[in-house]
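Summary of structural features
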Number of protein chains: 4
Amino acid sequence: MAERKIGVGILGATGMVGQQFISRLARHPWFEVTWLGASERSEGKTYESAAPWRLSAPMPEAVRRLSVNACVPGGGPKVMFSALDAAAADTLEAQFAAAGHIVLSNARSHRMDPLVPLLIPEVNAEHLCLLGEQRKSKGWPGAIVTNPNCSTIVLASALAPLRLFTIRTVIVSTMQAVSGAGYPGVPSLDILGNVVPFIGGEEEKMETETLKILGSNGGRVPYPAVVSAHTNRVPVIDGHTMTVSVALDSKPGIDDILEAMRTFRGRPQELGLPTAPDPAIVVMNESNRPQPRLDALLGDGMAISVGRLRACPVLTHKFVALGHNTIRGAAGASILNAELMKADGLL
Amino acid sequence: MAERKIGVGILGATGMVGQQFISRLARHPWFEVTWLGASERSEGKTYESAAPWRLSAPMPEAVRRLSVNACVPGGGPKVMFSALDAAAADTLEAQFAAAGHIVLSNARSHRMDPLVPLLIPEVNAEHLCLLGEQRKSKGWPGAIVTNPNCSTIVLASALAPLRLFTIRTVIVSTMQAVSGAGYPGVPSLDILGNVVPFIGGEEEKMETETLKILGSNGGRVPYPAVVSAHTNRVPVIDGHTMTVSVALDSKPGIDDILEAMRTFRGRPQELGLPTAPDPAIVVMNESNRPQPRLDALLGDGMAISVGRLRACPVLTHKFVALGHNTIRGAAGASILNAELMKADGLL
Amino acid sequence: MAERKIGVGILGATGMVGQQFISRLARHPWFEVTWLGASERSEGKTYESAAPWRLSAPMPEAVRRLSVNACVPGGGPKVMFSALDAAAADTLEAQFAAAGHIVLSNARSHRMDPLVPLLIPEVNAEHLCLLGEQRKSKGWPGAIVTNPNCSTIVLASALAPLRLFTIRTVIVSTMQAVSGAGYPGVPSLDILGNVVPFIGGEEEKMETETLKILGSNGGRVPYPAVVSAHTNRVPVIDGHTMTVSVALDSKPGIDDILEAMRTFRGRPQELGLPTAPDPAIVVMNESNRPQPRLDALLGDGMAISVGRLRACPVLTHKFVALGHNTIRGAAGASILNAELMKADGLL
Amino acid sequence: MAERKIGVGILGATGMVGQQFISRLARHPWFEVTWLGASERSEGKTYESAAPWRLSAPMPEAVRRLSVNACVPGGGPKVMFSALDAAAADTLEAQFAAAGHIVLSNARSHRMDPLVPLLIPEVNAEHLCLLGEQRKSKGWPGAIVTNPNCSTIVLASALAPLRLFTIRTVIVSTMQAVSGAGYPGVPSLDILGNVVPFIGGEEEKMETETLKILGSNGGRVPYPAVVSAHTNRVPVIDGHTMTVSVALDSKPGIDDILEAMRTFRGRPQELGLPTAPDPAIVVMNESNRPQPRLDALLGDGMAISVGRLRACPVLTHKFVALGHNTIRGAAGASILNAELMKADGLL
């Protein structure tokens, strides 16, 4: 790709998710961060002085001296990655879309809007069909495309190949990393040597977002299954692990399911998008895998790993799934969405 | 109780579970440790020099100078608590019963024997009725009584009050403490900042032991439900937490279930046994409880705590349960079994 | 003690240290919590509804329905335990002393005031002699007595018996628990599987408070030694561990030092104060002790434990010391101070 | 380097350090693993089936099908990296040297042999001068070159630039990662939420190896300073952190020392060796760095990071140092030693 890179902006550039966008875009072959937006408190400062950098990878040189802008729609590049928290995203993202920006959002604000794609490119690339109606109905020259919650994306990705067998019900119990709660996030006194069996709003998101993602007509017809979620926080830094029991209507054999998972490919793999993991789903054979410390970074953090597929005496099958919550479950998801849109001529 | 205390022995006294027996019996009003058995390597040593003490509570003075015996049936007191590992328990426990000892065992060896009670005094005290037939059939002057696996006891106790509503199916996903694996047990490299989604043999135990415990005719007729378990190890020292989805046939309201749990009492509570927790089940109201670090020691480690009872869209209800795995799930369980037998004139 | 208990108040009753005061006073033989003070936000609420209880021991029944007062001097009982943060303590504690209260403070605000005792009853009980001059000079009918910072109290207690041998220099490196930072305190993302080699202001406190405590003339003449501190945060819940190298002028043998530590007693031990640990210093023989998880609760959390005493090739000796930072290093310290004052007729 | 790569072997290929050698050599520009040695138990198996792979980076394809050999001297390539444990290394390494192999050893067995270089290429490259005498005196056609213990290499590297100012005394207190103890290593029950203030033999190694490394005449004349070490285990996966107090004879200013550290370069940097970190020492400006989770991987795990340089009131200066114990402190160290020897024509 000898063409010039596409300049992109980051809304909410100084927070944890913003930092992850910047870090993952640092050597991206198609995109280049040219604009940083944050709260007014940071306006005019260099990024270096405005952002309390918390990633182990060092701050990319290219952004250190960029100056931080207020998040005012209309300024900056057309393509905006949104790392805004939900409170800010509620109004700002629509304003940016109205001002002509393509907003690739990691916030929850618009995920369940029937006209906004809740996109996992391997799973429901065709949901981008909503954009025409979104523009017409909202009157936006731009657009909003969202990615799922960090636990939903693991579940929905692991379930996607099982649609072959018609999914009836799903019971999932998560063990989620603390990085999912941002910074400062979970106090150490709450989680060191402990389990917190509750994450506010998380179960509802998993139970509804999953069905929109797997659904048809751009997600407006939810997938006809029922999901029940238990969400828990455990003392892990990165990587959401979950146990999943599922009832599959066509009662496939274990090998059929493994084959469906192993060969699962979507448009990112077909198009060879720059950050597409291949395989999309890593099926592990060891009896005690996947594990977050060993496997969260598979596929450069973009692969979902599954293991321990076996019969469930209550539903029909059960297994373990894992994904990297701040890569595949946040910044990396939005970036892959942007790559798909670029490949499809939608940027 | 001005009577003299009953002398008891510990089989496998130097290991972790043996230490917990000794620690919990140190100030017991009815029982007094007068005999310690271990492998031949320790024979003749003082307990102090033979046991690598690993509990934070100091070694009780009364056992420091006791000398350690080989585990030879016939010697020592009638009542023996067994902290043997399964390999040793397989043959030794039956030999002790054959020699006239009452063996209260924490090992898995005889749990599923149809003539051996798998006892939780609050749940199935009537299973002690097996002892007559056990003696007759095995020709033992003594007896073996077992307590469940450390994760099973939490699940079975939490399910016990739900029998009122007829349980059809159960899906449980555990987050288990490392102390459940003994010492040295889980290597720190495997579990620091990690989740291991597999514990060998544990799922099978939960799926079968639970139904024997809740069953009738001394457990020989398993409870007619189906249990599916996912078992996981997390970086917690003490306390097994689990999420439970359950299908209840009579479709009770949330309040009916809470009432059943809160008022659940068994013979230990009625008899006021020395280490019986009261209430047997602590129902927590906070949205993020129970948690192992805060709640595992409720009822001096003998209570089961539950919380977050709510509707399950796939089965009928779901909740979180927690118990202390090395107290209620090991030594404390055997001791409560012995208290019940003493109160019932069976020692 | 059949006398009526002395009613006491808690300034800053809803925070973590306030909760620890309440928990530790719940069954105190001499004192009874009758008054709770907090910020205006909590005024008029019951304690139960005002305090986000975070201890594993449940909230004592006696305080659940007590209503919370604003911290206005003059109201409430004469004896006030202060769990205020430094910002509030700066002005409020002096106002309470001026209004006639005896303030037993855990805050840093007045620790280095030359007229305020920085008290460890085992170490410098005689520093209470400052109170006469404090009253005269400040014009307070009441008084302020402080206890040291949670890391200083461990170091100063371990050094106290070494004054026999004349201490010249001390180099200490700490590994401190997260509970020392209060709640929410240290974010889990900062400390899970990590070490943070910096705690703001902590090294300065250890280097100066220690010398005041060990000093003469009420601490106005600092002990003539030099202390150098490295302070680090580690992923431990409770218990500050520290390695200490020390130069002792009289070059005693290892056994002389061990004897001095083992036999170290102060007025709390002589008077048999209710919460005085006995021994004050637990000398451990195992090569790998003390350890926070096993030993922080020695002496009901009030003992200091030391181990690994050996020659230091650079200074003269080195060892490991440990204490419970939220008990001996906070609420427990103030309570022992109050017990000493009560025994000395100073309340 | 279009030349053919040099084939190398790994002694002890199936253990943790052996795996790290294999992982780090997978894409090495000069070396290629062509031979794997392990205990007789593994002989004849493929590496894939013989090695319980425990690194998060997957097993390199190139070694999966290599068959494992017994460690018999004479067979295999000339250059052997030794990941043997000390018991095996005691005799085997000398046998391999006697059979003509160049053994680059991570074991402690020969480190203090006066004829064996204890090499850190940045610090004492000239110690390779021992090889001539080693060959002559031992009668070996091959040679043994060792790298230091994982905590020593951090300390010695951080001290190396301070030789400019003449080091008199050093007091170091470590906070070491569990990976330093190999697998299974430290039981999780010992270290979760805990500190273990003792690591067998570690303090002696730091106190002696450091002076040999910094010494002259190939290390036969130890550096004329005194080192006192406190070594502690903390719940960290990778990265040994240590606090260091040092007495420098020429009493330099802080800026002089920082300059000496920042500009510290050795032959690896001058020669541009493939895995040489540049800078060799990363001086961090933030007040709370270095931290193992954020900084252990600096320089691809080969850099030493230091921070918090300030005056020490007892000695003259103090600071924090950090290095990756399984990379710079083990396999990576041996590999850099081999690169230096290759560049110097010694392979």
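Numbers given for residues are sequential positions, taken from 1 along each chain in its written order. Labels follow written order: the first chain is A, the first ligand is 1, and so on. Per-residue local features of the predicted model are confined to residues with pLDDT of at least 70, and side-chain atom pairs are confined, for both listing and counting, to 80 or more; whole-chain, interface and lining totals are unaffected and use all residues. Only hydrogens and water are set aside when side-chain values are computed; all heavy atoms of the structure are taken into account.

Mapping chain D onto chain A leaves a residual RMSD of 0.0 Å; the transformation is a rotation of 180° accompanied by 0.0 Å of translation along its axis. A rotation of that kind, with that shift, is consistent with a two-fold axis. No C-alpha of chain D approaches the rotation axis more nearly than that of glycine 193 of chain D, which lies at 3.3 Å. Between two residues, a contact is recorded if the distance between any of their heavy atoms is within 4.5 Å. The residues that chain D uses at the interface reappear at the interface of chain A in 100% of cases, marking a shared surface. When the copies are overlaid, the least-squares fit takes in C-alpha atoms only where the residue has pLDDT of at least 70 in both copies.

Moving on, we get to the sheet that holds strand 11 (residues 304-311) of chain C. Residues and elements named next belong to chain C. Between any two strands, at least two bridges found by DSSP are needed for them to pair. Secondary structure elements are defined from DSSP: runs of H or I of at least 4 residues count as helices, runs of E of at least 2 residues count as strands, and each element is numbered from the N terminus. Read from one edge to the other, the open sheet built from six strands follows the order 8-7-9-12-11-10, with strand pairing classed as mixed. Of all strands in the sheet, those bounded by a partner on one side alone are strand 8 (226-230) and strand 10 (281-283). Between one strand and the next, the sheet's axes are offset by a mean angle of 25°, whatever the strand orientation. Inspection of the sheet shows strand 7 (residues 167-175) paired to strand 8 by five bridges, in the parallel sense. Fitting a line to C-alpha atoms yields each axis, with helices limited to the stretch in contact; the angle taken between N-to-C directions then spans 0 to 180 degrees.

All right, on to the interface of chain B and chain A then. Every contact between the two is made by 46 residues of chain B and, on the other side, 46 residues of chain A. Throughout, the accessible surface (probe 1.4 Å) given up by two parts as they are put together, summed over both, is called the buried area. With both sides pooled, the region where chain B packs onto chain A buries about 3,500 Å², and carbon together with sulfur makes up 59% of that total. Just to be clear on terms, a salt bridge is a Lys or Arg side-chain nitrogen sitting within 4 Å of an Asp or Glu carboxyl oxygen. For the interface between chain B and chain A, the tally reads six salt bridges. Across the pair glutamate 207 of chain B and lysine 318 of chain A runs a salt bridge whose closest N-O atoms are separated by 2.9 Å. Polar contacts, as used here, are pairs of N or O atoms within 3.5 Å; protein pairs need one atom able to donate a hydrogen and one able to accept it. Residues neighboring in sequence count only if both atoms are side-chain atoms. Scanning the region where chain B abuts chain A turns up 24 residue pairs in polar contact (both at pLDDT 80 or more). Of all the elements in the fold, those that place two or more residues in the side of chain B that touches chain A are strand 7 (167-175), helix 8 (188-191), helix 9 (202-214), strand 8 (226-230), strand 9 (240-248), helix 12 (292-295), strand 11 (304-311) and strand 12 (317-323) of chain B. When residues are sorted by character, Ala, Val, Leu, Ile, Met, Phe, Trp, Tyr, Cys and Pro go into the nonpolar class, Asp, Glu, Lys and Arg into the charged class, and all the rest, Gly among them, into the polar class. Of the residues that constitute the side of chain B that touches chain A, the class distribution is 24 nonpolar, 14 polar and eight charged.

Below, the discussion takes up the environment of serine 334 of chain D. Residues and elements named next belong to chain D. Inspection of the secondary structure puts serine 334 in helix 13 (residues 327-343). Relative accessibility under 20% of the residue-type maximum defines a buried residue, over 50% an exposed one, and the middle range a partly exposed one, all with a 1.4 Å probe and only protein chains included. Classification of serine 334 as buried rests on a relative accessible area of 1%. In sequence terms serine 334 and leucine 104 are 230 residues apart; their C-alpha atoms lie 5.8 Å from each other. In this structure serine 334 touches Phe21, Phe81, Leu104, Ser105, Asn106 and Asn147, once residues within four positions along its chain are discounted. Within the local environment of serine 334, its side chain forms a polar contact with the side chain of asparagine 147, the two groups lying 2.5 Å apart.

It is worth stressing that arrangement in space is one thing and function is another; only the former is reported here.
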